[in-house]
Amino acid sequence: MKKLLLFTFILSASFITPAMAQFPVGGGTPAQKALPGTAGDTTPKGNSKISGSVTDSTTNKAVEFASIALLDKATNKVLDGTMADENGKFTLNKVIAGSFKVQVTFIGYNAKTIEVTLSKSQELDLGVVKISNNAKMLNEIVVTGQAALIEEKVDRLVYNADKDIAAKGGDATDVLRKVPLLTVDLDGNVSLRGSQNIKVLINNKPSTIIANSISDALKQIPADQIKTVEVITSPSAKYDAEGSGGIINIITKKNSLQGINLNVDGGVGNRGSSLSLNGGYRKGKGGVTLGGFGRANYNTITKTTLEQSSMINNVLSRTLQSGDGYSQGIFGQYNLGFDYDLAKNQSLTAGVRYGVRNFSFQQDFGTKIFNDGNLSSSSNREVDSKNLSGTVDINVDYLHTFKPQQEWSISTLYSRNDLDNNFDANLLNGSGELINRQRNLNTNLNQEFTFQTDYQTPIKKNQLIEFGAKGIFREVTSDYRFLLAGPTGGYSTEVGQPSGALTYHQNIAAAYTSYTYTTKKRYTIKGGLRYEHTFIDASTAEGGPIGIGNYPVVVPSINASKTIKGTTVKLAYNRRIQRPGLQQLNPNFNSANPQNITVGDPSLKPELTNNFELALSRNIKKLFVNSSFFGRVTNNAISQVRIPSDTLEGAIITTYKNIGRQHAYGTNIFANLAATSKINVGLFFNAFYTTLEGQVLGENNVTENITNSGFNVSGGMFSQATFKNGWGAQAFGFLQGSQVQLQGQQGGFGFYTIGIKKEFKNKKGSIGLAGENFLNKRFNIHTELKSKQFNQVNDVYLYNRGVRLTFTYKIGKMTMDAPKKKAKGVNNDDVKSDGTGGGQGTQGSGTGTPR
């Protein structure tokens, strides 16, 4: 711990060093400038303007976020600067008359300097500025510039997944493991700064699959199709108020080329194989995309040991259990997208996506129960669990652009998820003789329709106002029952086991406004206010209406930034709400393992979180450092609570409750060193102190207050390199320490991977090899939980050693077409996951801005 804290201090201290008088290049942190023409300093300002666009001289493709510097012709002193947008376009406003140099730079490219002379009130258009790749031959080694693997932008951290070699042939889980600020455990559960209360979007769109499982949803997204991952810790008022921990937006690769194209990506390994086909046709104003992806997981072995004791009715019950598990699954997604330019400034996009999951898990449990030290029972249980789902998303979006930064959009989305979560169990005695059979059937349906409209317009040259409205109409149903049969014969309803149905209607009306203002001294302030009103009508078949009630929430947000002597400082505050998800609400009594039972609570209420953040970032020659300090205070927190069963011998029941308060205060540090133009090394470190306060049922069913606190630490490193003849390599490693929970702590784990790739000379294909955890036979996650009523020690052994061979190939003849802004899509960042929960959205043509 002392070494970790010292590491934090050293990196943080780097921000105090004197600034280098150097204009930042692409991939670093340019001088902050929220709106073109608003950069201000002591330099006199005029009324002339310089504009243009930056493209690659070889491919004619726009160079996104290139740096533009305005230099004094005589002294080469930097007078002003800006950054190109995602289409390579840039504008320098308020330039005085005179002679200057315009310098265009971006990492991996040769700098280009253009001499210009401006007269008063002149608007000079430089047209297309082409910059060339800076490949050089040094001692028979080709040195090529690399785009940054990780970038920091004004309001988010961006991981460029298309530069990730080792993730080829994997899924989105493999990509998210390498993103700073995120933690992905060995089961695929995602946390942002220690919080699993996050929202996952795909191309700014949600899906009803969010109500079930983030980890399962991510397995349906091929790593090869992910372009970038955006981590947004302080969302503006445009975003739904949900997701108290933050938002993760996964951007997939898009095509703006004329003609026909087809991409084939695949991989085969000892624990999984995948194949994806993605094609498209574009001509003139319209384009169509069609794609399919399939992934099979196999050879996934899990072993468990469980030791728990509880005191019920003055009897000390002790359970010893061992388990062997084997899982396999087939995941797939199919998408059809369409976009059409109705006019020069109007576009229409539509998409349909279907996702399927067929997952099975076989477990064999051996259980011994002792009462007051005497063996009470010995049994074996063979369980076959099925998790089957189908998800369909349909979106239609319209965008009208009046002039730069002034636009109006209408977005619609229909999403439906059908989920069956069933198990069959054979119950055997200690001698292995079949006694009876048990079956749990749980059918769920989650569907929603969303309509929203957004408008934004600039005010003068340094202000922007945005406002919009949104409606979500959601319905969730869950039917569950238990069946029992003898060693032979048919099933009948099991007496004494819970059965019933839940119907849950949730409608949300929302409106927001946001205002951005940039001062002449480069202070940028963005404030917003969002109002949401939630209407709930919930009932169970056996109990009738559930009195949850409707509730309003006002969600303010404010972000401010300023660059001081080369260090960018950001301050942010926002309030977020987290509504319970399907797994938290589902009253099904999941007793696949009868000693470790889970059940939801349909009476859960939302939790509210206040987030505070201070972030510092700086370029120090070839080193980029980002450090953020955050605080998070959650009221009415939804947490897992465990209590011993008073009816099932030796069993512990896990459910969800609004337990009280959670506090977290910590830091995230990220450093990236461009050692050479071909080698990139990065380090990241996360640490926070958390305090959990809540109430649980104690002895004699009396409510008692409990508190737990402690440090949570994680970190890792990565390195990537490119060589001559199309060769590349990458390595990644990650360590997660123990995690504090309300009633104990969950053990840490590690993960590492190494990959190499060879790209063919025509750049139409590549082949790669990646290995993960190949030096370790297994990882052990050790969890200890306790209260006055019970103690539980659980060890889960995961066998995640793997190797895979990957390939890609591109077919088709295409020509370049400048990308146009397309209609925006819906995103609903608004349902809490169960800690394994998540989301996925339509993969049509959506390229919209988050809401």
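How should I be thinking about the confidence of the model for the chain in this particular structure?
Should the pLDDT be low somewhere, the predicted coordinates at that spot are not to be read in detail. Looking at the chain, pLDDT values average 79 and 82% of them are 70 or higher. Low pLDDT (under 50) marks residues 1-43, which in the prediction has 105 contacts with non-local residues, meaning those over four places away or in another chain. Taken together, the stretch residues 135-147 has pLDDT below 50 and engages in 32 contacts with residues farther than four places along the chain or on a different chain.

Mind showing me how you'd approach the sheet that holds strand E4 (residues 89-95) here?
Across the sheet, three strands lie side by side as E4-E1-E7; this open sheet has mixed pairing. Edge positions in the open sheet fall to E4 and strand E7 (123-131), since each of these has one partner strand only. The average undirected angle you get between the axes of adjacent strands in this sheet is 20 degrees. Here strand E1 (residues 48-56) pairs with E4 via five bridges, running antiparallel. By the bridge assignment for E4, Ile 50 is matched with Leu 92.

Please explain the sheet that holds strand E3 (residues 78-83) as it appears in this structure.
Strand order across the open sheet formed by four strands is E3-E2-E5-E6, with antiparallel pairing between neighbours. Every other strand in the sheet has two partners, leaving E3 and strand E6 (112-118) as the edge strands with one partner each. Shown here is a sheet whose adjacent strand axes are inclined to one another by a mean of 25 degrees, direction ignored. Pairing of strand E2 (residues 67-72) with E3, which is carried by five bridges, proceeds in the antiparallel orientation.

Looking at this structure, how should I read the packing of aromatic side chains?
Each aromatic ring pair is described using two quantities: the centre-to-centre distance and the angle formed by the ring planes. Taken as a whole, this structure holds 15 aromatic pairs when the rule is applied. Ring geometry for Phe 630 and Phe 688: centres 6.4 Å apart, planes at 55 degrees, overall tilted. Note that Phe 630 is positioned in strand E34 (residues 623-644) and Phe 688 in strand E36 (residues 679-697), a separation of 58 residues in sequence. Accessibility expressed as a relative area gives 12% for Phe 688, which makes it buried. With a centroid separation of 5.1 Å and an interplanar angle of 70 degrees, the aromatic rings of Tyr 689 and Phe 711 are classed as edge-to-face. Taken together, the positions of Tyr 689 in strand E36 and Phe 711 in strand E37 (residues 703-722) put the pair 22 residues apart, joining distant regions of the chain. By the ring-pair criterion, three or more aromatic residues cluster together here, those being Phe 684, Phe 732, Phe 734 and Phe 749. Between the NZ or CZ atom of Arg 439 and the centre of the ring of Tyr 491, over which it lies, the distance is 4.2 Å. In this structure, Lys 562 packs its charged tip against the face of Tyr 523, placed 4.7 Å from the ring centre.

I would appreciate a short explanation of the environment of Ile 150 in the present structure.
Topologically, Ile 150 is positioned in strand E10 (residues 150-152). The class for Ile 150 is buried, based on a relative accessible area of 2%. Each C-alpha atom, one on Ile 150 and one on Lys 178, is 9.9 Å from the other, the two residues being 28 residues apart in sequence. Among residues more than four places away in sequence, those in contact with Ile 150 are Leu 157, Val 158, Tyr 159, Pro 180, Phe 670 and Phe 718.

Honestly, the pattern of salt bridges in this entry has me stumped. Any pointers?
Side-chain pairs of opposite charge can arise whenever the charged atoms involved come near each other. Here the structure, examined in full by the defined rule, presents 14 salt bridges. The partner of Arg 318 in a salt bridge is Glu 307, with the nearest N and O atoms 3.1 Å apart. Placement of the pair is Arg 318 in strand E20 (residues 315-343) and Glu 307 in strand E19 (residues 286-312), with a sequence separation of eleven residues. Overall, the relative accessible area of 37% leaves Glu 307 in the partly exposed class. The salt bridge partner of Asp 418 is Arg 416, with a shortest N-O separation of 2.9 Å. Assessed through its relative accessible area of 32%, Asp 418 is described here as partly exposed. Each of Arg 271, Glu 772 and Arg 804 takes part in one network of salt bridges that share partners.

Explain the side chain of Ser 415 to me, please; I cannot follow it from the model alone.
For Ser 415, the location among the structural elements is in strand E23 (residues 406-429). Polar contacts involving the side chain of Ser 415 include one to the side chain of Asp 393, which spans 2.4 Å.

What exactly am I supposed to notice about the environment of Ala 731 here?
By secondary structure assignment, the location of Ala 731 is in strand E38 (residues 727-736). Linking Ala 731 and Ala 770, residues 39 residues apart in sequence, is a C-alpha distance of 9.5 Å. Every residue in contact with Ala 731, bar those within four places of it in the chain, is listed here: Met 717, Phe 718, Ser 719, Thr 753 and Ile 754.

When you look at the environment of Arg 618 in this model, what are you seeing that I'm missing?
Mapped onto the secondary structure, Arg 618 falls in strand E33 (residues 607-620). In this structure, the C-alpha to C-alpha distance between Arg 618 and Ile 564, residues 54 residues apart in sequence, is 9.9 Å. Of the polar contacts made by the side chain of Arg 618, one reaches the backbone oxygen of Lys 565; its length is 3.1 Å.

I tried to follow a positive patch on the surface on my own but got confused; where do I start?
On the surface, Lys 61, Lys 163, Lys 253 and Lys 810 cluster together into a patch of positive charge. Here Lys 163 is to be found in the loop between strand E11 (157-159) and helix H2 (172-176). For Lys 163, a relative accessible area of 35% translates into the label partly exposed.

Quick notes on the rules
Residues numbered from 1 in each chain as written. Predicted model: local features only at pLDDT ≥ 70, side-chain atom pairs only at ≥ 80, totals over all residues. Heavy atoms only, no water. pLDDT = per-residue confidence, 0-100. Contact = heavy atoms within 4.5 Å. Pairing = 2+ DSSP bridges. Helix = DSSP H or I, 4+ residues; strand = E, 2+ residues; numbered from the N terminus. Axes fitted to C-alpha atoms, helices over the stretch in contact; angles between N-to-C directions. Phe/Tyr/Trp six-rings, centres within 6.5 Å; stacked < 30°, edge-to-face > 60°. Buried < 20%, exposed > 50% of the residue type's maximum accessible area, 1.4 Å probe, protein only. Lys NZ or Arg CZ within 6 Å of the ring centre and 35° of its normal. Salt bridge = Lys/Arg side-chain N within 4 Å of Asp/Glu carboxyl O. Polar contact = N/O pair within 3.5 Å; in protein donor to acceptor, adjacent residues only side chain to side chain. Patch = residues over 30% accessible without salt bridge, like charges linked within 9 Å, V, L, I, M, F, W, Y side chains within 5 Å. Areas by Shrake-Rupley, 256 points an atom, 1.4 Å probe, with all protein chains shown as cover. Lys, Arg positive; Asp, Glu negative; His and termini not counted. Charge placed at Lys NZ, Arg CZ, Asp CG, Glu CD.

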